[in-house]
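One-letter residues, chain by chain:
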Amino acid sequence: SMPLAVNQTQDPTQGPAGTLLSPIAISQSGAPPAGVTPLNSSSGNVAAAAATATLAAVPGQTNYLTGFDFTGAGATAGSVVTGTITGLLGGTRSFSIAVPAGAAVSLTPLSLNFSPALPASAVNTAIVVSVPSLGAGNTNATLNAQGFLI
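Just so it is clear, the structure is predicted and the values come from calculations on it, not from any experiment.

Considerations on the nonpolar core
Point 1. If you look at the biggest cluster of nonpolar residues, it comprises 27 residues, and the most contacted ones within it are Leu65, Phe70 and Ile85.
Point 2. The element best represented in this core is strand S10 (residues 141-149), accounting for 4 residues.

In structure tokens form, the structure reads like this:
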């Protein structure tokens, strides 16, 4: 794992105070570094609606996303939807999910893990993982995001 370097300046061109200058690697076991606050967020089960998991902003601290898991079932018609991760250093990231035809047909689960962890764009910034509705007839979609706070 990489050493932690924190920039204490207030100059945004140098990075906001508390912004990590180096990526933070998680351990082989998937555990965050010692001394950080683990975070988990879930959309709960949604039906034909957006699934969103948010690592909430905390004053004076920086969020890191270590991964997310998306599971669900199909919809009346098959399609492909585009999910997003916002609030990240470097901008929004997108990912695609194939939605099978048939509400009782399971979609292929998507599980992404990031090492090094992906930092928020600034201190006190939420990281939001979101997947739009899977379509009419969909009865199950669940999004879980994991990370930590420094």
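Let us keep going from here.
Description of the packing of aromatic side chains
Point 1. Scanning the model with the defined rule gives 3 aromatic pairs in all.
Point 2. Ring plane angle 10 degrees and centroid distance 5.1 Å describe the contact between Tyr64 and Phe148, whose orientation is recorded as stacked. With Tyr64 in strand S5 (residues 63-72) and Phe148 in strand S10, the pair connects residues that are 84 residues apart, well separated along the chain. The same class applies to Tyr64 as to Phe148, namely buried.
Point 3. Feature note: the residues Phe68, Phe95 and Phe114 constitute an aromatic cluster, connected by ring pairs.

Analysis parameters
Residues numbered from 1 in each chain as written. Predicted model: local features only at pLDDT ≥ 70, side-chain atom pairs only at ≥ 80, totals over all residues. Heavy atoms only, no water. Core = buried A, V, L, I, M, F, W, Y, C linked by side-chain atoms within 4.5 Å. Buried < 20%, exposed > 50% of the residue type's maximum accessible area, 1.4 Å probe, protein only. Helix = DSSP H or I, 4+ residues; strand = E, 2+ residues; numbered from the N terminus. Phe/Tyr/Trp six-rings, centres within 6.5 Å; stacked < 30°, edge-to-face > 60°.

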